[in-house]
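Coordinate analysis (summary)
Listed below are the residues making up each chain.
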Amino acid sequence: MSRSEKMCYEIEYTKAAEKFFRDHEQVREQYEAAIRELLAGIHPESVDLKKIKGKKNDYYRIRLGAYRVVYAVINGRIVVIMTLLAGPRGDVYKKMSKIE
């Protein structure tokens, strides 16, 4: 994709992620800014991103201070980023076992 092309994307949230972000709007803003940086390729090294090991699906997490946001990317012309979980570090990894 050339730099002149804009990548369209959507961010979808599960109920659990939406509930967390209702009370943590600043974390939502940081998360969405990090996704924009990754997709634009501006400063992807500034985003603390890791692939989560041990899952058959491709899940990733972004670290935003003391919080973690877990998401999956669905590729296509429009990139849909499904935000699965968000919360404090310990809580998010405990809840990961419930995600298929």
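Preceding this section is the structure that the text describes.
Anyway, here's the lowdown on the structure attached to this text. Note that the structure is predicted; figures quoted are calculated from it, not measured. (Residues numbered from 1 in each chain as written. Predicted model: local features only at pLDDT ≥ 70, side-chain atom pairs only at ≥ 80, totals over all residues. Heavy atoms only, no water.)

Across all of its chains, the model carries four salt bridges by this definition. Two residues, E18 and R28, come together in a salt bridge whose shortest N-O distance is 2.6 Å. With a gap of ten residues between them, E18 in helix 1 (residues 15–23) and R28 in helix 2 (residues 25–40) connect regions that are remote in the sequence. Residue class for E18 comes out partly exposed when judged on its relative accessible area of 26%. You can call R28 buried: its relative accessible area is 11%. (Salt bridge = Lys/Arg side-chain N within 4 Å of Asp/Glu carboxyl O. Helix = DSSP H or I, 4+ residues; strand = E, 2+ residues; numbered from the N terminus. Buried < 20%, exposed > 50% of the residue type's maximum accessible area, 1.4 Å probe, protein only.)

What follows covers the nonpolar core. Core analysis: the largest hydrophobic core is formed by 15 residues, its most contacted members being F21, Y31, I35, I62, L64, V69 and Y71. A total of four residues in this core trace back to one element, the largest contributor, which is helix 2. Leaving out residues up to four positions away in the same chain, I62 has contacts with Y31, A34, I35, L38, V47, D48, L49, Y67, R68, V69 and Y71. (Core = buried A, V, L, I, M, F, W, Y, C linked by side-chain atoms within 4.5 Å. Contact = heavy atoms within 4.5 Å.)

What follows deals with the side chain of T83. Tracing the sequence through the fold places T83 in strand 5 (residues 78–88). Apart from residues no more than four positions distant in its own chain, T83 is found in contact with I11, E12, Y13, T14, A17, F21, Y31, V69, V70 and Y71.

Closest axis-to-axis distance for the helix 1/helix 2 pair is 5 Å, and the angle between their directions is 115 degrees. Residues E18, F20, F21, R22 and D23 of helix 1 form the contact with helix 2, whose participating residues are E25, V27, R28 and Y31. (Axes fitted to C-alpha atoms, helices over the stretch in contact; angles between N-to-C directions.)

A turn of α-helix holds 3.6 residues, and therefore any two residues three or four places apart point the same way. The first and last C-alpha atoms of helix 2 sit 23 Å apart over 16 residues, in line with the 22 Å expected at 1.5 Å per residue. Three or more residues of helix 2 are buried, namely V27, R28, Y31, A34 and I35. Projected down its long axis, helix 2 carries its buried residues within an arc of 125 degrees, all on one side. Among the residues trailing helix 2, G41 stands out with phi positive, at a value near 70 degrees. (Expected span 1.5 Å × (residues − 1). Arc of directions from axis to C-beta.)

This next bit is on helix 1. Among the residues of helix 1, A17, F20 and F21 are the ones counted as buried. Down the axis of helix 1, the buried side of the element spans an arc of 95 degrees, and every buried residue falls inside it. Residues K15, K19, R22 and D23 are exposed on helix 1 and point more than 90 degrees away from its buried face.

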